[in-house]
Amino acid sequence: MNAHRSIAGNWFRHFFVGLYAMTYLSFGFMLVYQYIGMKFDWPGVFLTMIHDAAGNPWLDVNWSHPVVLGWATLVLCAATVWGLFKRHDFMEYREAATESQPGF
């Protein structure tokens, strides 16, 4: 147990690790849905294709769309719960709980 870290500091560490992991894992699925939804005109699509004066295509993101806000809220709540669940776990993320035997 790391005696130099408080429970609140440990919660922040697990919160940010969980926030990064959940954002990374869920945003790929979100983008796949957005790209397919743009093609087939599905509900909940917050990406739109726009063209500048030269005719170059750009993706426009509607950051105030309910899907974006709901996804961000869900990820923040899940990371908060993860931090609360793991706040008493002082083991490092890359530290193994068990060690293998030499030569194994």
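Notes on the structure follow.

Quick notes on the rules
- Residue numbering note: each chain is counted from 1, following its sequence as written.
- Local features in this predicted model are restricted to residues of pLDDT 70 or higher, and side-chain atom pairs are both shown and tallied only at a pLDDT of 80 or more, whereas totals for entire chains, interfaces and linings draw on every residue.
- The side-chain quantities take in all heavy atoms of the structure and omit both hydrogens and water.
- A run of H or I in DSSP counts as a helix once it spans at least four residues, and a run of E counts as a strand once it spans at least two, with each numbered from the N terminus.
- Polar contacts, as counted here, are pairs of nitrogen or oxygen atoms within 3.5 Å of one another; within protein the pair requires one atom able to donate a hydrogen and one able to accept it, and residues that are adjacent in sequence qualify only if both atoms are side-chain atoms.
- Here, two residues are considered to be in contact whenever any of their heavy atoms come within 4.5 Å of each other.
- In this description, strands pair whenever DSSP reports at least two bridges between them.
- In these notes, a set of buried Ala, Val, Leu, Ile, Met, Phe, Trp, Tyr and Cys residues joined through side-chain atoms within 4.5 Å is what counts as a nonpolar core.
- For every residue, the accessible area (1.4 Å probe, protein chains only) is compared with the maximum for its type, and the residue is labelled buried under 20%, exposed over 50%, or partly exposed between those bounds.

What about the side chain of histidine 65?
Argument step 1. Among the structural elements, histidine 65 can be located in the loop between strand E2 (57–61) and helix H2 (66–85).
Argument step 2. Polar contacts involving the side chain of histidine 65 include one to the main-chain amide nitrogen of valine 67, which spans 3.1 Å.
Argument step 3. Discounting chain neighbours no more than four positions away, the residues touching histidine 65 are Gly44, Val45 and Phe46.

Observations regarding the pairing of strand E1 (residues 47–51)
Argument step 1. Sheet analysis places E1 next to E2, joined by five bridges and oriented antiparallel. What sits directly across from methionine 49, in E2, is leucine 59.
Argument step 2. Between the antiparallel neighbours E1 and E2 lie five residues, among them glycine 55 with a positive phi of about 90 degrees.

Here we look at the nonpolar core
A general tendency of soluble globular proteins is for nonpolar side chains to be buried together.
Argument step 1. Counting 10 residues, the largest nonpolar core is built from Trp11, Phe15, Leu19, Met30, Phe46, Leu47, Val68, Trp71, Val75 and Ala79.
Argument step 2. Of all the secondary-structure elements, those providing two or more residues to this core are helix H1 (7–40) and H2.
Argument step 3. Sequence-distant contacts of tryptophan 71, defined by excluding residues within four places in its chain, comprise Thr23, Ser26, Phe27 and Met30.

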